[in-house]
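Report on the structure
This is what each chain is made of:
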Amino acid sequence: MESFKRVLSIQSHVVSGYVGNKCAVFPLQIMGFEVDAINSVQLSNHTGYKTYYGQILNESDLSELITGLVENELHNYSHLLTGYTRCPKFLKKVVEVYKILKMKNPGLIYVCDPVMGDNKEMYVPKEILDVYKNEIIHLTDILTPNEYELELLTGITITTPNDIYKAMNILYAQGCKTVVVSSSNILSSNSVMKCIGRNFSYEEYVELDIPIIDQSFIGTGDFFTALLLIWMNLTNNDLKHSIEKTVATIQAVIKRTIKYTNENSSKDPISNKELKLIQSLSDIQNPEVTIFGTMNKVG
C-alpha cells in the first residue's frame, strides 16, 4: 500500500522565479507528494532584482486559511514544511497550526528551514529568532539551518567541526530530532564546503564534502529542505542516503542551470541565476549520486 504523502508548505512565493514554495512544490509533486501551499509572502520576484512588489500574509490571514481547512476536514497532512517568514506573530501562529495538524495526525513530521540570514547577516526582524528558539525548535523533526543560522539558534560561534557538533547537541537537548547543516565552510578549501547532519537516534554524524560551483543562485536553501523531506521519506529516514541524493540533485540542477543560461543568456545577470527546475525534471526524479558521505562516531 502506498504511503500517505501530503505536505502543507508554509513559506514565501514569487510570481516569477524560483524561491520558497516555487522551489519546493514542483519537486515534491513530481516525487509523489500532494502539496498544499500557503504563501507567507507573495512577491512579484525575489528581492535581488532592482524592484519588487507584493504582499505579506499576517497571522489573521493564516488563521482564516487554516480554519477553512479544518472546517472542511482538509487538514490531514503527513508533513508540515516551513521556510521564510518575516513576521514574528505569523511565526507564532505557525506553532498553533502545528498543534492543530498534530492533533489530526499524531504521526505528522515537521520539517523546518529556519530562514533568518546568511554570511553573518540577518535579513528578518530579530524577534523572529526568539520565536524559533523558544517555540519552534522543540517541535521540529528535521531542522535545516545554514552555519550562520546554527550560530543564531544556539549562541555558539562556529570555528571548528566540534562547534557544529556542540551546537547540534544543544538543538537536540531542546527537542529537535534531526539537524542538517546545509552548508558550512569549516575546514573547507576554496573548492569544497561541508554538509553535516545527525539523526539523534544514532550515534554518528554524516559529513559530505560538496564541490563549490563558483556561482551563486537564489533558492538553493529552500530547494535543499524540500529535497531532504522527499528523500528522508523515500529512504525510511536514512540520513546519509538522503543527504547524498539531495546534494546530487542540487549539483545537477545548478550545472544544468549554468548550461541553459550559457546557451540562452539574457542581458539580466539576476534572471540568469534563477534555477531551471522545469528543465531539470530528470535530475530531480533520478539524481545520480557521485559524492558520498562519511559516517563519523560521536566523540
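Naming follows an unreviewed UniProt entry, where the chain appears as Pyridoxal kinase of Acyrthosiphon pisum. We quote the UniProt Sequence similarities (unreviewed entry) comment for the chain here in full: "Belongs to the pyridoxine kinase family."

Let us look at unusual backbone geometry. Of note in this structure, Asn-119 is not a glycine but carries a positive phi near 50 degrees. Here Asn-119 lies in the loop between strand S6 (117–118) and strand S7 (121–122). With a phi angle near 65 degrees, Lys-120 is a residue other than glycine that sits in the positive phi range. If you trace the backbone, Lys-120 turns up in the loop between S6 and S7. Taking the relative accessible area as the measure of exposure, Lys-120 reaches 52% and is therefore exposed.

Bringing the packing of aromatic side chains into the picture now. One pass over the full model with this rule turns up 3 aromatic pairs. Ring centres of Tyr-172 and Phe-200 lie 4.3 Å apart, and the angle between their planes is 10 degrees; on these two criteria the pair is classed as stacked. Here Phe-200 lies in the loop between strand S10 (192–199) and strand S11 (204–211) and Tyr-172 lies in helix H6 (residues 161–173), a separation of 28 residues in the sequence. Positioned over the ring face of Phe-33 is Lys-5, at 5.1 Å from the centre of the ring. Sitting over the face of the ring of Tyr-205, Arg-198 holds its NZ or CZ atom 5.2 Å from the ring centroid.

Let us look at the state of the cysteines. Overall, the coordinates contain 0 disulfides when judged by the stated rule. Unpaired in terms of disulfides, Cys-112 finds its nearest cysteine sulfur in Cys-176, a separation of 8.4 Å. Residue class for Cys-112 comes out buried when judged on its relative accessible area of 0%. Sulfur of Cys-195: no disulfide; nearest cysteine sulfur belongs to Cys-176 and is 14 Å away.

The tally for this structure, following the rule as stated, stands at 12 salt bridges. Here Lys-104 and Glu-73 are joined by a salt bridge, their closest N and O atoms 2.6 Å apart. With Lys-104 in helix H3 (residues 88–104) and Glu-73 in the loop between helix H2 (59–71) and strand S4 (79–82), the pair connects residues that are 31 residues apart, well separated along the chain. You can call Lys-104 partly exposed: its relative accessible area is 34%.

Below, the discussion takes up H3. The end-to-end C-alpha distance of H3, which contains 17 residues, comes to 25 Å, matching closely the 24 Å that a straight helix rising 1.5 Å per residue would cover. For H3, the set of buried residues is Phe-90, Leu-91, Lys-93, Val-94, Val-95, Val-97, Tyr-98 and Leu-101. Contacts from the buried residues of H3 go to strand S1 (6–14), strand S2 (34–43), H2, S4, strand S5 (109–112) and helix H4 (127–136).

The element S1 is largely enclosed, with a buried count of 9 among its 9 residues. Examined bridge by bridge, S1 and S4 share 4 bridges and lie parallel to one another. Paired with Leu-8 across the bridge in S4 is Leu-80.

As for its position among the elements, Ser-40 is in strand S2. Judged by its relative accessible area of 1%, Ser-40 is buried. Engagement of the side chain of Ser-40 in a polar contact is seen with the backbone oxygen of Tyr-84, the distance being 2.5 Å. With near-sequence residues (within four places) excluded, Ser-40 lies in contact with Gln-11, Ser-12, Ile-56, Leu-57, Tyr-84, Thr-85 and Phe-90.

For the rest of this paragraph, the subject is the packing of H3 against H4. Two elements in contact, H3 and H4, have axes whose closest approach is 9 Å; the angle formed by their N-to-C orientations is 15 degrees. Considering their axes alone, H3 and H4 lie roughly parallel with respect to each other. Two packed elements cross with a definite hand, and for H3 against H4 that hand is right-handed. Contact with H3, carried on its side by Pro-88, Leu-91, Lys-92 and Val-95, involves Glu-127, Ile-128, Val-131, Tyr-132, Glu-135 and Ile-136 of H4 and no other residues of that element. Split by residue class, the contact of H3 with H4 holds 7 nonpolar, no polar and 3 charged.

Rules of the game
Residues numbered from 1 in each chain as written. Predicted model: local features only at pLDDT ≥ 70, side-chain atom pairs only at ≥ 80, totals over all residues. Heavy atoms only, no water. UniProt positions renumbered as here; feature names shortened; annotations may be inferred. Helix = DSSP H or I, 4+ residues; strand = E, 2+ residues; numbered from the N terminus. Buried < 20%, exposed > 50% of the residue type's maximum accessible area, 1.4 Å probe, protein only. Phe/Tyr/Trp six-rings, centres within 6.5 Å; stacked < 30°, edge-to-face > 60°. Lys NZ or Arg CZ within 6 Å of the ring centre and 35° of its normal. Disulfide = S-S within 2.5 Å. Salt bridge = Lys/Arg side-chain N within 4 Å of Asp/Glu carboxyl O. Expected span 1.5 Å × (residues − 1). Contact = heavy atoms within 4.5 Å. Pairing = 2+ DSSP bridges. Polar contact = N/O pair within 3.5 Å; in protein donor to acceptor, adjacent residues only side chain to side chain. Axes fitted to C-alpha atoms, helices over the stretch in contact; angles between N-to-C directions. Parallel < 35°, antiparallel > 145°, perpendicular 65-115°, else oblique. Left-handed = near helix turned anticlockwise from the far one by under 90°. Nonpolar A, V, L, I, M, F, W, Y, C, P; charged D, E, K, R; others polar.

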